[in-house]
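Residue-level structural notes
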Amino acid sequence: MKPEVFDYFERALEMGASDLILKPGAPPSFRVNRHLIISEDEALAPQQMYDLFLPIIDASQQEQLRSKFFVNSIFSYRCNRARIRYYIFQQREGLAGSFRFIPPKVPSIKSLRLPEALINVAARPRGLFLVTGPSCSGKSMTIAAMADAINKRFARHIITMESPIEVIYTPNQAVFTQVEIGRVISTYYDALINSLREDPDVMIIGELKERAIIEQALMAAETGHLVLSSLPTTGAAQTIEHIISMYPPGKQEEARSQLSLSLIGIFSQLLVPNIDPMQPPSVAYELMLVNSAIRNLIRDKKYNQLTTAMIMAKRDGCVTLKDSLEKLMREEGIDQAYVKSLLQELEE
């Protein structure tokens, strides 16, 4: 007999959903093209939730759920028909689960409708490039598309460090080593230290979560590696401030200097829903490609002048978030009220 949770997975795949939410006291919900669709099913009962999730969690994860009240992992469904990232957790009404469906095929920069400038960034031999944005804005898929661009063009050794591993890459021109944090090695820091001994050309770090990881990422970029990573920030200025704030006051000037020399650029993205829930969302973005003027501003702590510097560097490929949003306003079908609210936030 097929487990009940598999029925929900099948429905999500048929709908083209990116996410599935299973929560006691509410019917199953599916997110399609950033629109939340609440099913007409009966509300899930608290007492059925553990048995509902049991087919996808092994014995060690069951123990973790009992002791730490959450499990975060990947489930390979039906021979990799779908890779499903799940977070099962305890909340007020009992156990709940959030499921993210990872596309079976690695997306390309073109298929995600991202700027071609990212292909040129992926071709760089060294430096730090950051992809930022709020949760569920597509950061990991953007980084995967950049890795795909490298894989199609260059013979390079790409090491990915993730928790958990989402995308499985098929080698083309490149060679991949994929390391799962928490399963084959304890921490991102340990993975970074070890990766420098593995002759990498490109290092992909799931997220720069703490200062020690940032320091190692900057060192890797300085020593001739291309480093791609993400942060849950919006905009270049906020991202740089966030990074520098992780350092104590006495170390911040040195950190700004190091970052100004190693940073290639920052791509900050937001997903803007279409009025038609069957149409995919559009990407609004800010792209800062570092030049000498921007390096000086970072080093001198003049973050409030970065937007002006990007406007001056449009010919070099820089794009401000305001320009990107105003361009989206001219597209048919876009949720203009949503875009206007984002523009208003920029002006406040």
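Our subject in this report is the structure included herewith.

Rules used throughout
Residues numbered from 1 in each chain as written. Predicted model: local features only at pLDDT ≥ 70, side-chain atom pairs only at ≥ 80, totals over all residues. Heavy atoms only, no water. Phe/Tyr/Trp six-rings, centres within 6.5 Å; stacked < 30°, edge-to-face > 60°. Helix = DSSP H or I, 4+ residues; strand = E, 2+ residues; numbered from the N terminus. Buried < 20%, exposed > 50% of the residue type's maximum accessible area, 1.4 Å probe, protein only. Lys NZ or Arg CZ within 6 Å of the ring centre and 35° of its normal. Patch = residues over 30% accessible without salt bridge, like charges linked within 9 Å, V, L, I, M, F, W, Y side chains within 5 Å. Areas by Shrake-Rupley, 256 points an atom, 1.4 Å probe, with all protein chains shown as cover. Salt bridge = Lys/Arg side-chain N within 4 Å of Asp/Glu carboxyl O. Lys, Arg positive; Asp, Glu negative; His and termini not counted. Charge placed at Lys NZ, Arg CZ, Asp CG, Glu CD. Expected span 1.5 Å × (residues − 1). Pairing = 2+ DSSP bridges. Axes fitted to C-alpha atoms, helices over the stretch in contact; angles between N-to-C directions. Contact = heavy atoms within 4.5 Å. 1 Å grid on protein atoms, 1.4 Å probe; cavity = no way out; pocket = protein on both sides within 12 Å on 5 of 7 lines; lining within 4 Å. Points joined across faces, edges and corners; volume = space filled by probe spheres on them. Nonpolar A, V, L, I, M, F, W, Y, C, P; charged D, E, K, R; others polar. Parallel < 35°, antiparallel > 145°, perpendicular 65-115°, else oblique. Left-handed = near helix turned anticlockwise from the far one by under 90°. Core = buried A, V, L, I, M, F, W, Y, C linked by side-chain atoms within 4.5 Å.

1. With respect to the packing of aromatic side chains
Evaluated as defined, the whole model comprises 13 aromatic pairs. Each ring, one from F9 and one from F101, has its centre 6.0 Å from the other, and the planes form 85 degrees; the classification is edge-to-face. Residue F9 is located in helix α1 (residues 4-15), and its partner F101 is located in strand β6 (residues 94-102); the two are separated by 92 residues in the primary sequence. Residue F9 is classed as buried on the basis of its relative accessible area, which comes to 0%. Ring geometry for F70 versus Y87: centroids 6.0 Å apart, planes at 40 degrees, classification tilted. Pair noted here: F70 is in strand β4 (residues 70-77) and Y87 is in strand β5 (residues 82-91), with a separation of 17 residues, a long-range link. On the accessibility criterion, Y87 (35% relative accessible area) is partly exposed. Following the ring pairs from residue to residue traces out a cluster consisting of F6, F9, F53, F75, Y77, Y86, F99 and F101. One residue, R156, lies across the ring of F154, its end atom 4.2 Å from the ring centre.

2. A short note on a negative patch on the surface
A cluster of acidic residues, E326, E345, E347 and E348, forms a negative patch at the surface. The residue E347 is located in helix α13 (residues 336-347) in this model. We classify E347 as exposed; its relative accessible area is 65%.

3. Description of helix α5 (residues 139-153)
Between the first and last C-alpha of α5 there are 22 Å, a value that for 15 residues agrees with the 21 Å anticipated at 1.5 Å per step. Within α5, 12 of the 15 residues are buried, leaving the element largely enclosed by the surrounding structure. Looking at α5, one finds that the buried residues are K139, M141, T142, I143, A144, A145, M146, A147, D148, A149, I150 and N151.

4. Remarks on the pattern of salt bridges
In the structure shown here, the tally under the stated rule is 12 salt bridges. Here R66 makes a salt bridge to E63, at a shortest N to O gap of 3.4 Å. Here the residue R66 and the residue E63 both occupy positions in helix α3 (residues 59-68), the gap between them amounting to 3 residues, near one helical turn. Taking the relative accessible area as the measure of exposure, E63 reaches 42% and is therefore partly exposed. E215 is paired through a salt bridge with R211; the nearest N and O atoms lie 2.8 Å apart. In this pair, E215 and R211 are both assigned in helix α7 (residues 211-222), 4 residues apart and thus about one turn of the helix distant. The partly exposed category is assigned to R211, whose relative accessible area is 28%.

5. A look at a nonpolar patch on the surface
A surface patch of nonpolar side chains, amounting to about 250 Å² of accessible area, comprises I21, L36 and I38. Considering the arrangement of structural elements, one finds I38 in strand β3 (residues 35-38). You can call I38 exposed: its relative accessible area is 54%.

6. Looking at the sheet that holds β4
Read across the sheet, 6 strands follow the order β3-β2-β1-β6-β5-β4 without closing on themselves; strand pairing throughout is antiparallel. The open sheet has two edge strands, β3 and β4, and neither has a second partner. The sheet shows a mean angle of 20 degrees between the axes of neighbouring strands, taken without regard to direction. Two elements, strand β2 (residues 29-32) and β3, share 4 bridges in a ladder whose sense is antiparallel. When the sheet's bridge partners are listed, F30 is paired in β3 with I37. Sitting on the sheet, α1 is in contact with β1 (19-22), β2, β3, β4, β5 and β6, with an inclination near 65 degrees to β4.

7. Things to note about helix α9 (residues 249-262)
The end-to-end C-alpha distance of α9 is 20 Å, a good match for the 20 Å that 14 residues give at a rise of 1.5 Å each. The set of residues buried in α9 consists of Q252, A255, R256, Q258, L259, S260 and S262. On its buried side, α9 packs onto β7 (127-132), α7, α8 (236-245), β12 (263-272) and α10 (292-299).

8. Looking at the layout of surface pockets
Taken as a whole, the second largest pocket holds about 370 Å³ of empty space. Elements that contribute at least two residues to the lining of the second largest pocket include exactly α8, α11 (306-312), α12 (321-328) and α13. Taken together, the residues that form the lining of the second largest pocket break down as 7 nonpolar, 6 polar and 3 charged.

9. Comments concerning the packing of α8 against α9
The packing of two helices is summarised by the inter-axis angle and the distance between the axes. Running from amino to carboxyl end, α8 crosses α9 at an angle of 135 degrees, the nearest separation of the two axes being 9 Å. It follows from the interaxial angle that α8 and α9 lie oblique. The way α8 lies across α9 gives a crossing that is right-handed. Mapping the contact onto sequence places I240, I243, I244 and S245 in α8 and Q252, A255, R256 and L259 in α9. A class-by-class count of the residues in the contact of α8 with α9 yields 5 nonpolar, 2 polar and 1 charged.

10. Quick look at the nonpolar core
One finds F129, M146, M161, I205, I240, L263 and M288 to be the most contacted residues of the largest nonpolar core, which totals 74 residues. For this core, the element with the highest residue contribution is α5, accounting for 8 residues. Other than its neighbours up to four places away in sequence, L263 contacts L128, L130, I240, M288, V290, R295 and I298.

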